[in-house]
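Letter by letter, the chains look like this.
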Amino acid sequence: MFALMQSTRLESLHLSVDPVTGLKAVIAIHNSHLGPALGGCRYLAYPSDESAVEDAIRLAQGMSYKAALAGLAQGGGVAVIVRPAHVENRGALFEAFGRCINQLDGRYITAIDSGTSVADMDCIAQQTQHVTSTTSAGDPAPHAAMGVFTGIRATAMARLGSDNLEGLRVAIQGLGNVGFALAEQLHAAGAELLVSDIDHGKVQLAMEQLGAHPIANDALLSTPCDILAPCGLGGVLNSHSVTQLRCSAVAGSANNQLTHLDVADQLERRGILYAPDYVINSGGLIYVSLKHRGEELATITAHLSKIASRLTEVFAHAQAEKRSPARVADELAEKVLYR
């Protein structure tokens, strides 16, 4: 655990338990150089406690890099709650987690993430002010999708020579809150959608409302398309899966898409343009950060539009230096964090 903290330059790791509610929580604060750590709270089942800690640490690092390149006065942090097999009172569990956050005196601000909802954030807000994505603050998912949509247009321009998405084949892996909202925006822009999700109901809805073509979960990566958009959980791009890809670019909302940075080099060798995940998916963080600071929607939307120019900058550096955009993005973020 300490070796992983040192290798990722993590500032601190906080472990909390509450026997009454069954809470087992991990809060990882990666870097607070730019401001208080801000990042989502995941509520998922994990195969082991160690895997939960590792997930929190790597996600927190990504949040630091995301905030740095998004130009936000925030540090990077993430919370992970290990979902128990049985929960007596979900509300009480999240209230207990709120008390854990409050003990950090504002060093970490939590938000919605995989497995959590606005209702969960409302429960946390009963115990601490260091929370966003509540009913009053609003769901960041539509804004995250807006940022990814903007990033896909920038990626199409860089790889295909045009940001016109009419007739473009986009394969979306995962139709959660962000994935489905992204599908709606792509459909409105005239893109042809190929979709997969473990929830068949979501696939059916995309077929009915957006004219999407359903693809089996285990076949999506090898299905020919222009752009692959991973919008589920991380780790989808590994040394094996990359050999299956039949796309021109990868640009999606999922965090930690690469299992290792070497995979980005593999994509580069194959001529597949990779939009670094924490750059293209920063819309959600931008929304919750600026909303928490009391900014108006017009200001937030203007900030979201900068995702395209930041991606274009990363792509230009990568092309000039003949390197992966992932490595370029890491270096740009680290210059901000560790200057």
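The shown structure was predicted, so the numbers you read here are calculated from the model rather than taken from an experiment. Sequence order as written defines residue numbering, which begins from 1 separately in each chain. Whole-chain, interface and lining totals are the exception, using all residues; otherwise, since this is a predicted model, local features are given only for residues with pLDDT of at least 70 and side-chain atom pairs are given and counted only at 80 or more. The side-chain figures draw on all heavy atoms in the structure; neither hydrogens nor water molecules are used.

**Some words on the sheet that holds strand β9 (residues 227-230)**
For two strands to be treated as a pair, DSSP must find no fewer than two bridges joining them. Counting from the N terminus, the helices are DSSP H or I runs at least four residues long and the strands are E runs at least two residues long. Pairing within the open sheet is parallel, and its six strands lie in the order β8-β7-β6-β9-β10-β11. On the outer flanks of this sheet lie β8 (213-214) and β11 (273-274), each paired with one strand and no other. In this sheet, strand β7 (residues 192-196) lies alongside strand β6 (residues 169-173) in parallel orientation, the contact comprising five bridges. Looking at the pairing, Ala171 lines up with Leu194 of β7.

**Brief notes about the side chain of His303**
Its location among the elements puts His303 in helix α12 (residues 297-304). Classification of His303 as buried rests on a relative accessible area of 14%. Sequence-distant contacts of His303, defined by excluding residues within four places in its chain, comprise Ala70, Gly71, Leu72, Ile286 and Leu290. Relative accessibility thresholds used throughout: buried, under 20% of the residue-type maximum; exposed, over 50%; partly exposed, between the two (1.4 Å probe, protein chains only). We call two residues in contact when some of their heavy atoms are within 4.5 Å.

**Considering the pattern of salt bridges**
A pairing counts as a salt bridge when a side-chain nitrogen of Lys or Arg comes within 4 Å of a carboxyl oxygen of Asp or Glu. Within this structure, the stated rule accounts for 12 salt bridges. Arg58 is the partner of Glu54 in a salt bridge, and the nearest nitrogen-oxygen pair spans 3.5 Å. Here Glu54 pairs with Arg58, and both are found in helix α2 (residues 49-70), just four residues apart, close to one helical turn. The residue Arg90 makes a salt bridge to Asp120 at a minimum N-O spacing of 2.6 Å. With a gap of 30 residues between them, Arg90 in helix α3 (residues 90-102) and Asp120 in helix α4 (residues 118-125) connect regions that are remote in the sequence. For Arg90, a relative accessible area of 35% puts it in the partly exposed group. Asp120 sits in the buried class, given a relative accessible area of 4%. Shared partners join several salt bridges into a network, and the residues in it are Arg42, Asp55 and Asp113.

**Quick notes on the pairing of strand β4 (residues 75-82)**
Side-chain positions along a regular strand alternate between the two faces of the sheet. Most of β4 is tucked away, with eight of its eight residues classed as buried. Handedness rule for crossovers: strands pointing away from the viewer, path from the first strand over the helix to the second running clockwise, crossover right-handed. Taken together, strand β3 (residues 37-44), α2 and β4 constitute a β-α-β crossover, and its handedness is right-handed.

**Re the side chain of Asp265**
Tracing the backbone shows Asp265 in helix α9 (residues 261-269). Judged by its relative accessible area of 18%, Asp265 is buried.

**Some details on the UniProt feature "binding site: NAD(+)" (unreviewed entry) in the protein chain**
UniProt positions are given in the numbering used here, feature names are shortened, and annotations may be inferred rather than shown by experiment. Sites flagged by UniProt as "binding site: NAD(+)" (unreviewed entry) map to Gly174, Leu175, Gly176, Asn177, Val178 and Gly179. With respect to the helices, strands and loops of the structure, Leu175 is situated in the loop between β6 and α6 (177-188). The topology assignment puts Asn177 in helix α6. The exposed category is assigned to Asn177, whose relative accessible area is 55%.

**Description of the environment of Ala28**
Summarising the element assignment, Ala28 is placed in strand β2 (residues 23-31). Along the backbone, Ala28 and Val78 are 50 residues apart, and their C-alpha atoms lie at a distance of 5.4 Å. Setting aside its immediate chain neighbours within four residues, Ala28 contacts Leu10, Ser12, Leu13, Ala56, Ile57, Ala60, Gly76, Gly77 and Val78.

**Considering unusual backbone geometry**
The backbone of Ser133 sits at a positive phi, close to 65°, despite the residue not being glycine. Along the chain, Ser133 falls in the loop between α4 and α5 (141-160). Overall, Ser133 belongs to the buried group, its relative accessible area being 0%. Residue Lys322 is not a glycine yet carries a positive backbone phi of 55°. Mapped onto the elements of the fold, Lys322 is located in the loop between α13 (306-321) and α14 (325-338).

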